[in-house]
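# Remarks on the overall topology
The chain contents come next:
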Amino acid sequence: IPEMVTEPQVLSTVSAFPNPVSSIVNVTLDGPIPQEGMWLDSQGRIVRAVVLQPGANRLDVETLTPGTYTLRIENGATVRVTIQR
């Protein structure tokens, strides 16, 4: 019986600060490759897409309406960010 060979999963985590934020949020992607991220509003609707590079990313959230959002990356990791003005 042949053994199954599987691709290793790319595990990445994402974190954000400051939180709450007013205009620029620093997002850290801990992983080896860029990941697409989706900003989801409190209803789960996609409001913006971003590409996060490994390491530190500075994202402008000034045009988003104040509230709580979830930033979800491709592998399913998430971080909640509250925008206040």
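Model, not experiment: these values are computed from the prediction.

Moving on: the environment of leucine 29. You can see leucine 29 is positioned in strand E2 (residues 24-30). Given a relative accessible area of 2%, leucine 29 falls into the buried group. A sequence separation of 27 residues divides leucine 29 from alanine 56, and the C-alpha atoms of the two residues are 6.6 Å apart. Ignoring sequence-local partners within four residues, the contact set of leucine 29 consists of Ser12, Thr13, Pro34, Gln35, Leu52, Gln53, Pro54, Gly55, Asn57 and Ile73.

Time to look at the sheet that holds strand E6 (residues 67-73). The antiparallel open sheet is built from four strands, whose spatial order is E4-E3-E6-E7. One side of each edge strand has no neighbouring strand; the edge strands of this open sheet are strand E4 (46-52) and strand E7 (78-83). Strand-to-strand, the axes of this sheet are offset by a mean angle of 25°, without reference to chain direction. Bridge analysis of strand E3 (residues 35-40) against E4 gives six bridges, and the strand direction is antiparallel. Among the inter-strand pairings, tryptophan 39 is bridged to a residue of E4, identified as arginine 48.

The next thing to look at is the sheet that holds strand E1 (residues 13-17). If you trace the three strands from one edge of the open sheet to the other, you get E1-E2-E5, paired in antiparallel fashion. Both edges of this open sheet fall to E1 and strand E5 (55-60), since each of them pairs with a single strand only. The sheet shows a mean angle of 25° between the axes of neighbouring strands, direction not considered. When E1 meets E2, the two strands line up antiparallel, connected through five bridges. Within E2, the residue paired with valine 14 across the bridge is leucine 29.

Reading the values: the criteria
Residues numbered from 1 in each chain as written. Predicted model: local features only at pLDDT ≥ 70, side-chain atom pairs only at ≥ 80, totals over all residues. Heavy atoms only, no water. Helix = DSSP H or I, 4+ residues; strand = E, 2+ residues; numbered from the N terminus. Buried < 20%, exposed > 50% of the residue type's maximum accessible area, 1.4 Å probe, protein only. Contact = heavy atoms within 4.5 Å. Pairing = 2+ DSSP bridges. Axes fitted to C-alpha atoms, helices over the stretch in contact; angles between N-to-C directions.

Any link to function would need more than the numbers given here.
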